[in-house]
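Residues per chain, in single letters:
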Amino acid sequence: MTTKTLSRRDFLRAMGLGSAGLLTSGSLVSLLSSCTPQGDGSIALATAALPNTETPTLAVESASGIEPDVEIALRAVPAQVPILPGSSTKVWQYQGEVLKGAPEVLQDLPNTYLGPAFHLKKGQTVRIHFTNELPEVSIVHWHGLHVPELADGHPRFAINTGETYVYDFQVSNRAGTYWYHPHPHGRTGPQAYYGLAGLFIVSDEEEQALGLPEGEFDIPLVIQDRLFNNDNQLVYGSNGMMDQMVGFLGDRILVNGQPDFTLPVAMRPYRLRLLNGSNSRIYKLTWDDGTPLSVIGTDGGLLEGPVQREYVTLAPSQRVELWVDFSQHSLDSEIRLLSLPFSGGESMEGGMMGGSGMPQGARFTVLTVKVNQEANSSASLPKRLTSFSSYDVAQVVNRQSPRTFVLAMAMREGWSINGRTFEMTDVAPDEIVKLNTLEMWQFINQAGGMGMGRGMMGGMELPHPMHVHNLQFQVVERQVQSAYRDAWETLSAGYIDEGWRDTVLVMPGEQVKILLKFEDYTGLYLYHCHNLEHEDMGMMRNYRVEA
Ligand code: C2O
Ligand code: CU
Ligand code: CU
């Protein structure tokens, strides 16, 4: 394989030309018409000719030149996997290979379109060669990881078919469940939907010392919803503008890429790592036998100590880790993890918001646990998991006037942040932050009373899971307008705001304050709604960290 190494400047220049089509902000209508489905409601997955070994590959070094501890080749490729009985399903898939380091660094999950799970230790340096073998531009983002600008997978780094992007970074995050997915502007939703996602699990010594369930007792559960046509092919965008405005909602729940997922367990404690990998569906998770959920971790790793909840609210891209002791259940019993109904995800008029799938806030089974084996393990859940240092509000540089982001519908563009939508490299003066400062940000989901009124979108009010790249933050305050309190209370007891988050759900009428510290790296990073259809429409902005 011929590898041509370009300087960063050459690369940026090349990309500026190469991705001109993506830079158009355009109107809502042109955005939507660029996503025309096939007659049967599915979107064709072009099976592009794969580049052969003679194809010149463009490699872009994102950093150092230091010899990494671990080196991985990761490809995004068209593939076919059996999901439902009958025809196999065309998907897009990440496939990986360990070039340097222990083979266990990558773990393929069985029978799935999901990419391999990365297993790395805090402190390790890693180099990842990402090769795009899709028939369109793509780039990988390491969701939740604190990495240099050039390793963050910003859409301006999207590469063409046959090109390779090289990521170099040190794993500096705490132990936790992170993940990776595509981030090309305007196409993140469909690319993730067709299968491109994987877990990135970090361990560290502090976590090791706790003796939490490991190996086969430490189970990742990636929850997604999908819609299939009669030929078992994935359908996306079949409702045009409605799917874009609301976000995609499927009618089948897949766990680790499988429908009707059952988890066989022994009568002993387990660690379950749940990722909501859905484009826009929010889950309100509970055990059907009334056992409270023991939550031990969130987006940025372990909580200070376990917290018990009747249900847990999991918004797109969020993670939650549960500790479950199945010795409390009898042999051959079944326990279902359900998603319960909630309000706040519908239009003011109600109804019509589910596209072709189940509406947001429907009730359904996520997975079934089958207790099928005796075991004796005396492991108990530690009362204290980690020492959590809350940010000191006195250190916040803008405590009197938090940086405010209003989430609302803009007349022409659709969903917007402070009335703005995404421009590839655009940063407004109020989107520049200083390195080594602690800030307060506030997200306001401006339901009702916006200038928009009951115009063409019928006064749509929707949840927005807001995500910030480059860091984990702390959620310090939530408020809800009184008119929205009843709906809000159908979900709010399931918020886990105790630990580190990189995504926070902001319901209609709600405002949320978070504390974030900009450390180590300067440069351009993203913040956006992680409803992937909202993100693709431009509900995403850059912020710049300056020295
Ligand atoms: Cu999980 Cu900017 O993304
Ligand atoms: Cu991210
Ligand atoms: Cu949104």
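Just so it is clear, the model here is predicted, and its values are computed rather than measured.

Time to look at the overall build of the protein chain. Each helix and strand counted, the protein chain has eight helices and 33 strands in total. Here the protein chain holds 547 residues, and 62% of them are scored as buried. Within the protein chain, contacts between residues at least 6 apart in sequence are counted, and of these 81% link residues at least 24 apart. When the accessible area of the protein chain is evaluated, it comes to approximately 20500 Å², of which 49% is carbon and sulfur surface.

Protein coordination at the copper ion (ligand 3) comes from H464 (ND1), C529 (SG) and H534 (ND1), with a distance range of 2.0 to 2.2 Å. When the donor residues of the copper ion (ligand 3) are listed from N- to C-terminus, their spacing reads H-x64-C-x4-H. Here the residue H464 occupies a position in strand 28 (residues 464–468), and H534 occupies one in helix 8 (residues 532–537), the gap between them amounting to 70 residues. According to the relative accessible area criterion, H464 is buried, its value standing at 0%. Look at H534 and you get buried, because its relative accessible area is 0%.

Let us now look at the sheet that holds strand 26 (residues 432–434). Through backbone hydrogen bonds, the strands of a sheet pair up, either in parallel or in antiparallel fashion. Spatial strand order, 26-33-32-28-30: five strands in an open sheet with mixed pairing. Every interior strand has two partners, whereas the edge strands, strand 26 and strand 30 (503–506), have only one. With strand direction ignored, the average angle separating the axes of adjacent strands in the sheet is 25°. As paired strands, strand 32 (residues 523–529) and strand 33 (residues 540–546) are joined by six bridges and run antiparallel to one another. Paired with Y527 across the bridge in strand 33 is R541.

Before going further, it helps to spend a moment on unusual backbone geometry. Backbone geometry at D260 places phi at a positive 45°, although glycine is not the residue there. Topologically, D260 is positioned in the loop between strand 14 (258–259) and strand 15 (262–266). Of note in this structure, D332 is not a glycine but carries a positive phi near 70°. If you trace the backbone, D332 turns up in the loop between strand 21 (319–325) and strand 22 (334–339). Using a relative accessible area of 63% as the deciding quantity, one classes D332 as exposed.

All right, on to the sheet that holds strand 20 (residues 312–314) then. Spatially, 15-23-22-17-20 is the arrangement adopted by the five strands of the open sheet, whose pairing is mixed. Two strands in the sheet have a free side with no partner beyond their single neighbour: strand 15 and strand 20. The sheet shows a mean angle of 25° between the axes of neighbouring strands, taken without regard to direction. Summarising the sheet, strand 17 (residues 283–287) and strand 20 pair through three bridges and their orientation is antiparallel.

With that settled, the discussion passes to the pairing of strand 24 (residues 403–410). Regular strands have side chains that alternate between both faces of the sheet. Counting buried residues in strand 24 gives six out of eight residues, a clear majority hidden from the surface. As paired elements, strand 24 and strand 27 (residues 438–445) share five bridges and run parallel to each other. Paired with T404 across the strands is Q442, a residue of strand 27. Examined bridge by bridge, strand 24 and strand 25 (residues 414–417) share four bridges and lie antiparallel to one another. Paired with M409 across the strands is W415, a residue of strand 25. The loop that links strand 24 with its antiparallel partner strand 25 comprises three residues.

Before going further, it helps to examine the coordination of the copper ion (ligand 2). Every protein donor of the copper ion (ligand 2) is accounted for by H141 (NE2) and H467 (NE2), and the metal-donor separations fall at 1.9 Å. Here H141, found in strand 8 (residues 140–143), pairs with H467, found in strand 28; they are 326 residues apart in sequence, far enough to count as distant.

For the rest of this paragraph, the subject is the side chain of K284. As for its placement among the helices and strands, K284 is situated in strand 17. Buried charge without a salt bridge: K284, with E310 as the nearest opposite-charge side chain at an N-O distance of 8.1 Å. Engagement of the side chain of K284 in a polar contact is seen with the backbone oxygen of P341, the distance being 3.4 Å. Other than its neighbours up to four places away in sequence, K284 contacts Y311, V312, L338, S339, L340, P341, F342, T490 and L491.

Applying the stated criterion across every chain yields a total of 34 aromatic pairs. An aromatic cluster of at least three residues, connected via ring pairs, comprises Y94, F118, F130, W142, F157, Y165, Y167, F169, Y180 and F200. Of note, K284 hangs over the ring of Y311, and the distance from its end group to the ring centre comes to 4.4 Å. Over the aromatic face of Y495 sits the side chain of R478, whose NZ or CZ is 3.5 Å from the ring centroid.

Before going further, it helps to examine the nonpolar core. Counting residues in hydrophobic clusters, the biggest one holds 58 residues, and the most contacted among them are L74, F118, I128, W142, Y167, F169 and F200. Of all the elements in the fold, those that place two or more residues in this core are strand 3 (70–81), strand 4 (89–100), strand 6 (117–121), strand 7 (125–132), strand 8, strand 9 (164–170), strand 10 (176–182) and strand 11 (198–203). Those residues within four positions of I128 in sequence are excluded, and the remaining contacts are I72, L74, F118, W142, Y165, V166, Y167 and F169.

Per-residue confidence for the protein chain gives a mean pLDDT of 87, with 84% of residues at or over 70. Within the protein chain, strand 10 carries the highest mean pLDDT (99), whereas helix 2 (residues 20–23) carries the lowest (29). A low-confidence stretch, residues 1–57 (pLDDT under 50), is modelled with 86 contacts involving residues beyond four sequence positions or located in other chains. The model gives residues 347–352 a pLDDT under 50, and that stretch makes nine contacts with residues more than four places away or in other chains.

Another aspect to go through is the environment of L381. Mapped onto the elements of the fold, L381 is located in the loop between strand 23 (364–373) and strand 24. Among all residues touching L381, those that are not within four sequence positions of it are L212, S294, I296, P306 and W323.

Conventions and cut-offs
- Per-chain numbering applies: the sequence of each chain, read as written, is numbered from 1 onward.
- Chain letters and ligand numbers both follow the written order, the letters beginning at A and the numbers at 1.
- For a predicted model such as this one, the threshold for reporting local features is a pLDDT of at least 70, and the threshold for listing and counting side-chain atom pairs is 80 or more; totals across whole chains, interfaces and linings nevertheless cover every residue.
- Neither water nor hydrogens contribute to the side-chain values; these are computed over all heavy atoms in the structure.
- Labels follow the DSSP assignment, with helices taken as runs of H or I lasting at least four residues and strands as runs of E lasting at least two, numbered in each case from the N terminus.
- Only protein chains enter the accessibility calculation, which uses a 1.4 Å probe; a residue is then buried when its area is under 20% of its type maximum, exposed when over 50%, and partly exposed in between.
- Contact criterion: two residues are considered in contact whenever any of their non-hydrogen atoms come within 4.5 Å of each other.
- All accessible areas in this document rest on Shrake-Rupley with a 1.4 Å probe, and a residue is counted as covered only by the protein chains that are shown.
- For Na, K and Ca the donor cutoff is 3.2 Å, while for all other metals N, O and S atoms must lie within 2.8 Å; water is not among the atoms, so some sites may look incomplete.
- What makes two strands pair is DSSP finding at least two bridges between them.
- Axis definition: a line fit to C-alpha positions, over the contact stretch in the case of helices; interaxial angles, taken between N-to-C directions, run 0 to 180 degrees.
- Neither His nor the chain ends is counted toward charge; the positive residues are Lys and Arg and the negative residues Asp and Glu.
- Salt bridges, as used here, are contacts in which a Lys or Arg side-chain nitrogen is within 4 Å of a carboxyl oxygen on Asp or Glu.
- For the purposes of these results, a polar contact is taken to be a pair of N or O atoms within 3.5 Å, where, inside protein, one atom must be able to donate a hydrogen and its partner to accept one; residues adjacent in sequence count only when each atom of the pair is a side-chain atom.
- Any two of the Phe, Tyr and Trp rings considered here, Trp counted by its six-membered ring, make a pair once their centres fall within 6.5 Å; the pair's planes then place it as stacked at under 30 degrees, edge-to-face at over 60, or tilted in between.
- For a lysine, the NZ atom is tested; for an arginine, the CZ atom; a charge sits over a ring if that atom is within 6 Å of the ring centre and within 35 degrees of the ring normal.
- Take the buried Ala, Val, Leu, Ile, Met, Phe, Trp, Tyr and Cys residues and link them wherever side-chain atoms come within 4.5 Å; each set so joined is a nonpolar core.
- A score between 0 and 100, pLDDT records how confident the predictor is in each residue.

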